[in-house]
Amino acid sequence: MRIIPVASGKGGVGKSLVAANLAVALAQAGQRVVLADLDLGASNLHLVLGFHSPAKGIGTFLNNTKSDFSQVIAKTDIRGLRFIPGDQEMPGMANLKSFQRNALVRRLLALNVDTDILILDLGAGTHQSILDFFLLSGQGIVVSSPAVTATLNAYVFLKNTVFRLMYTIFKKGTGAYNYLEKARKDNSMGNQHLYIPQMLKEIEKIDPESHKKFADAAAHFHPRLIMNMIEDPKNADVAMKIRRSCEEYLDIRVEHLGIMYRDGIQDTALSSRLPVVLYKPQSVISQAIYRIADKILESEEETFTLTDEDIDDSFQEASLEAEIDFENKMEYVEELLHTGALTQGDLLETVKSQQLEITKLKKENNFLKHKLTQAGSQGFKV
Ligand SMILES: Nc1ncnc2c1ncn2[C@@H]1O[C@H](COP(=O)(O)OP(=O)(O)OP(=O)(O)O)[C@@H](O)[C@H]1O
Ligand SMILES: [Mg+2]
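Everything numeric in this text was worked out from a predicted model, so none of it was measured.

Peer 1: Please give an account of the nonpolar core that cites residues and values.
Peer 2: As a rule of thumb, soluble globular proteins bury nonpolar side chains together. Membership of the largest hydrophobic core comes to 70 residues, with the highest contact counts inside it found for Ile84 and Leu108. Among the elements that line this core, the one with the most residues is helix α6 (residues 148-169), at nine residues. Contact partners of Ile84, with chain neighbours within four places excluded, come to Val34, Leu35, Ala36, Asp37, Ile58, Phe69, Val72, Ile73, Leu108 and Leu111. In this structure, Leu22, Ala25, Phe51 and Ile289 belong to the second largest nonpolar core, which totals 41 residues.

Peer 1: Tell me about unusual backbone geometry, and please be specific about residues and values.
Peer 2: One non-glycine residue with positive phi stands out, namely Met229, at about 60 degrees. Along the chain, Met229 falls in strand β7 (residues 224-230). Judged by its relative accessible area of 22%, Met229 is partly exposed. Residues other than glycine seldom take positive phi values, yet Arg273 does so here, at roughly 55 degrees. Assessed through its relative accessible area of 41%, Arg273 is described here as partly exposed.

Peer 1: How would you summarise the side chain of Ser283 if you had to cite specific residues and measurements?
Peer 2: Mapping Ser283 onto the fold places it in the loop between α12 (276-279) and α13 (284-298). Judged by its relative accessible area of 7%, Ser283 falls in the buried class.

Peer 1: Outline the site of ligand 1, listing residues and values.
Peer 2: If you check the shell around ligand 1, you find 17 residues, and the closest are Lys15, Ser16, Leu17, Asn228 and Asp263. Within the contact set of ligand 1, a nitrogen atom lies 3.0 Å away from a backbone nitrogen or oxygen of Tyr261. One of the side-chain N or O atoms of Gln266 is found 3.0 Å from an oxygen atom in ligand 1. Surface burial for ligand 1 is 80%, taken as the share of its 630 Å² of free accessible area covered by protein chains. Listing elements by their share of the shell around ligand 1, those giving two or more residues are α1 (15-28), β7 and α11 (265-271). Top element by residues in the shell around ligand 1 is α1. It accounts for three residues.

Peer 1: Hey, could you go over the environment of Ala176 for me, with residue numbers and the actual values?
Peer 2: Secondary-structure assignment places Ala176 in helix α7 (residues 175-188). You can call Ala176 buried: its relative accessible area is 0%.

Peer 1: Quick one: what's the story with the environment of Val13, residue by residue and with numbers?
Peer 2: Inspection of the secondary structure assignment puts Val13 in the loop between β1 (2-7) and α1. In this structure the C-alpha to C-alpha distance between Val13 and Gly41, which are 28 residues apart in sequence, comes to 18 Å. Apart from residues lying up to four places away in sequence, Val13 is in contact with Ser8, Val143, Ser144, Ser145, Ala150, Asn228 and Met229.

Peer 1: So, the pattern of salt bridges: which residues are in play, and what are the values?
Peer 2: Under the defined criterion, the tally for this structure stands at 17 salt bridges. When the shortest N-O distance is used, the salt bridge between Glu321 and Lys295 registers 3.0 Å. Placement of Glu321 in helix α14 (residues 308-339) and of Lys295 in helix α13 is noted, with a sequence separation of 26 residues between them. Here Glu321 and Lys295 have matching classes, each one buried. Linked through salt bridges whose partners overlap, the residues forming this network are Arg291, Lys295, Glu317, Glu321 and Asp325.

Peer 1: Let's hear about the packing of aromatic side chains: which residues, and what values?
Peer 2: On inspection of all chains with the given rule, the structure shows eight aromatic pairs. Pairing Phe51 with Phe83 gives two aromatic rings, centres 5.1 Å apart and planes at 70 degrees, and the pair type is edge-to-face. Placement of the pair is Phe51 in the loop between α2 (45-49) and α3 (58-63) and Phe83 in strand β4 (residues 81-84), with a sequence separation of 32 residues. Here Phe51 and Phe83 have matching classes, each one buried. Summarising the aromatic geometry, the rings of Phe134 and Phe221 are spaced 6.4 Å apart at their centres and angled 85 degrees between planes, so their arrangement reads as edge-to-face. In this pair, Phe134 sits in helix α5 (residues 128-134) while Phe221 sits in the loop between α9 (208-218) and β7, placing the two residues 87 residues apart along the sequence.

Reading the values: rules and limits
Residues numbered from 1 in each chain as written. Chains lettered and ligands numbered in written order. Predicted model: local features only at pLDDT ≥ 70, side-chain atom pairs only at ≥ 80, totals over all residues. Heavy atoms only, no water. Core = buried A, V, L, I, M, F, W, Y, C linked by side-chain atoms within 4.5 Å. Buried < 20%, exposed > 50% of the residue type's maximum accessible area, 1.4 Å probe, protein only. Helix = DSSP H or I, 4+ residues; strand = E, 2+ residues; numbered from the N terminus. Contact = heavy atoms within 4.5 Å. Near = heavy atom within 4 Å. Polar contact = N/O pair within 3.5 Å; in protein donor to acceptor, adjacent residues only side chain to side chain. Areas by Shrake-Rupley, 256 points an atom, 1.4 Å probe, with all protein chains shown as cover. Salt bridge = Lys/Arg side-chain N within 4 Å of Asp/Glu carboxyl O. Phe/Tyr/Trp six-rings, centres within 6.5 Å; stacked < 30°, edge-to-face > 60°.

Here is the structure:
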């Protein structure tokens, strides 16, 4: 069973949209898929999936971890897709007790017997439970939008996962663990910035055994990026910043899984209670999701490692896709104009409101860039 956690750091960037639509696309490709809403406390994946209001969700199980887990796994109308709803009554991940988290992880892993792909929709933020669910796979997906706040959060999320990975691998009392603890304390007191490649060099000297264990695990850790809500092919370049910062400061290599444009069709799909790939499979956004699903199916499982060339290719491909989709979007607008479904007036209004939005975002970005530069940006390239 392949596990695909979907995370982001920042909220509202499209995790649930990606999780639900990928689940549908992969099930349509003949995979046995389970989609789980792990955004406890704020779960809304059932809405994106167009699932009727769930009677039982993960909260039902967490309230009694001895209960039968199969009662919270629901069938859907889509062949091959099962759904585990979340629970809005349940306090969020931050309040999950470790026995509850462990029981949940055990049940999720046991799905292996009759599942090909398990997709986990995670909440926003970098709480430890979220990091642990993300680390159930070496190939988790990080969704970002091109906004500087979102890319910064994506980077910070990955930085936290690398530290979490270190803490799970370095056992208490070892030289590596003690070094890590000291570095963390110095950092929180502002005495030192955490620069992982440098830290790993030190750890290798102090405690080569722990270092090797970490290096082995990190070799299979290749998070995958999805750039969502882009407006322009140029936005695809923002992904390079995340890639470079991850390589330089975290010593991890991120693969680009693809781009998705911001598309008004998503709103209509949502109000029609349908995932967009079912609502309009031919739309540019649905095609982008199918393309990502194909890449997931093509890539090898579990123990795969990526070469620098693979990573370069993935970024080049994403830039190309951004150009192609942009043209397709334009063609679609032209078609609408021809058929009369869209008037010149509508188009003008849309362009005007987008320009206003862009001006607002530019101001926000400049303000944030200024603040980040001032703060020395903690190892993040602005
Ligand atoms: N490419 C897109 N085009 C248009 N709308 C989008 C796109 N991606 C996401 N949205 C919309 O943005 C909103 C946030 O998306 P979504 O709920 O998937 O994000 P999320 O990361 O799961 O948020 P949260 O952190 O709250 O769980 C939704 O209304 C969704 O329909
Ligand atoms: Mg969500």
